[in-house]
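Report on the structure
One-letter residues, chain by chain:
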Amino acid sequence: QLGAFVGRTRAHEQLERFFTMSGDLLCIASFDGHFTRVNASWHRVLGYTSTELMAQPFIDLVHYEDREATASAIAELTQGKPLALFENRYRCKDGTYRWLSWTSTPKVDERLIYAVAHDTTDRKLLEQQTQDTLKMRNDFVSFVTHQLRTPLSGIKWMLELAKDTDDAVEKASYVEDARESADRLIGLVNDLLDASRLESGKL
C-alpha cells in the first residue's frame, strides 16, 4: 500500500511538473463548457488569470465567427471522439485575438476533456501576408499586361495605317505615332525591370 501511494504521489508530481513547465496551453474542461484547470501558459498568451478563465464558459472567449465550429467540435468530444488540429481564435484580455490549434481527448466516464492548445497566430499572420502578397502580384501582373497591350495595339494600328497609305506626309505621321508608342512601351518595360530588381534586392 505504501509503495502504491508513493507511486501515485510521484505520478501526481510528474503531472504537476508537466503542467507547470509546458510552453503550450494545457487545460482540463468539463462537458458543461467550463475550464476546471489551466496552466500558467494561458496567462502568458491570453492575459487572464486562472480564476478569470474558469469563471466563465470558455465558448465566451471564442471569436464569434468560430463559435459554431467550436460547438460542433465539443459535441464530438462529448461523444468520445478525439480531436486533432482544430483551430479557432480566442479573445485576449486586451481585446485582441490569438489563433490556437487544439489536440483534445475526452474521458467520457469523467465527463472531462483533456486538451493541449498551441499558439499559431504568427503562422496564421504569415499565411495571410503571403496571400496578400500573391494577390498584389496578380493584380500587378494584370495591370502591367493591360498597360503593355495599349502601346502594342497602337504600334500595330499605326503601322497598318502607314502600310495602306501612299501619302508621304500621312505615312510619316503614322510612323511617328508608332515610334511614340514604342518609346512608351520601352519605358513600361524598364519600369517592370526596375520593379523586378527592387523585389530581388538588386536596386
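Residues numbered from 1 in each chain as written. Predicted model: local features only at pLDDT ≥ 70, side-chain atom pairs only at ≥ 80, totals over all residues. Heavy atoms only, no water.

What follows deals with the pairing of strand β4 (residues 97-107). Direction of pairing for strand β3 (residues 83-91) relative to β4: antiparallel, over a ladder of eight bridges. Considered in β4, the bridge of Tyr90 is made with Arg98. Hairpin connection, β3 to β4: the antiparallel pair is bridged by five residues, and Gly95 has positive phi, about 95°. If you look at the hairpin formed by β4 and strand β5 (residues 112-119), you'll find four residues sitting between the two strands, and Arg111 has a positive phi there, around 55°. (Pairing = 2+ DSSP bridges. Helix = DSSP H or I, 4+ residues; strand = E, 2+ residues; numbered from the N terminus.)

This part is about the side chain of Thr121. One can find Thr121 in helix α5 (residues 121-163). With a relative accessible area of 5%, Thr121 lands in the buried category. One polar contact links Thr121 to Arg98, side chain to side chain, over a distance of 3.3 Å. Apart from the residues lying within four places of it in its own chain, the contact partners of Thr121 are Arg98 and Trp99. (Buried < 20%, exposed > 50% of the residue type's maximum accessible area, 1.4 Å probe, protein only. Polar contact = N/O pair within 3.5 Å; in protein donor to acceptor, adjacent residues only side chain to side chain. Contact = heavy atoms within 4.5 Å.)

Another point: unusual backbone geometry. For Leu85, which is not glycine, the phi dihedral falls at a positive 60°. Look at Arg111: it is not a glycine, yet its phi comes out positive at around 55°. Along the polypeptide, Arg111 turns up in the loop between β4 and β5.

Moving on to the sheet that holds β5. In space, the five strands of this open sheet follow the order β2-β1-β5-β4-β3, with antiparallel pairing throughout. A single partner strand is all that each edge strand has here, and the edge strands are β2 (35-38) and β3. Each adjacent strand pair in this sheet contributes to an overall mean axis angle of 30°, direction not counted. The pairing of strand β1 (residues 25-30) with β2 spans three bridges and is antiparallel. In the sheet register, Ile28 faces β2, and the bridge partner there is Arg37. The strands that helix α4 (residues 67-78) touches are β3, β4 and β5; relative to β3, the one it contacts most, it runs at about 140°. (Axes fitted to C-alpha atoms, helices over the stretch in contact; angles between N-to-C directions.)

Here we come to the pattern of salt bridges. According to the stated counting rule, one finds 11 salt bridges in the structure shown. A salt bridge links Glu65 to Arg89; the nearest nitrogen and oxygen atoms lie 3.0 Å apart. In this pair, Glu65 is assigned in the loop between α3 (50-54) and α4 and Arg89 in strand β3, connecting sequence segments 24 residues apart. The partner of Glu87 in a salt bridge is Lys124, with the nearest N and O atoms 3.1 Å apart. In this pair, Glu87 is assigned in strand β3 and Lys124 in helix α5, connecting sequence segments 37 residues apart. For Glu87, a relative accessible area of 24% gives the class partly exposed. (Salt bridge = Lys/Arg side-chain N within 4 Å of Asp/Glu carboxyl O.)

A few words now on the environment of Ala29. Looking at the secondary structure, you find Ala29 in strand β1. Accessibility expressed as a relative area gives 5% for Ala29, which makes it buried. Once you skip the residues sitting within four places of it in the chain, Ala29 turns out to touch His34, Phe35, Thr36, Phe58, Arg111, Leu112 and Ile113.

Overall, the coordinates contain five aromatic pairs when judged by the stated rule. Between Trp42 and Trp102, the ring centres sit 5.9 Å apart and the planes meet at 40°, which makes this aromatic pair tilted. Taken together, the positions of Trp42 in helix α2 (residues 41-46) and Trp102 in strand β4 put the pair 60 residues apart, joining distant regions of the chain. With relative accessibility at 0%, the residue Trp42 sits in the buried group. Of the residues examined, Trp102 reaches a relative accessible area of 7% and is grouped as buried. Between Tyr90 and Trp102, the ring centres sit 5.8 Å apart and the planes meet at 45°, which makes this aromatic pair tilted. Here Tyr90, found in strand β3, pairs with Trp102, found in strand β4; they are 12 residues apart in sequence, far enough to count as distant. (Phe/Tyr/Trp six-rings, centres within 6.5 Å; stacked < 30°, edge-to-face > 60°.)

The quantities given are spatial measurements derived from coordinates; they are silent on function.
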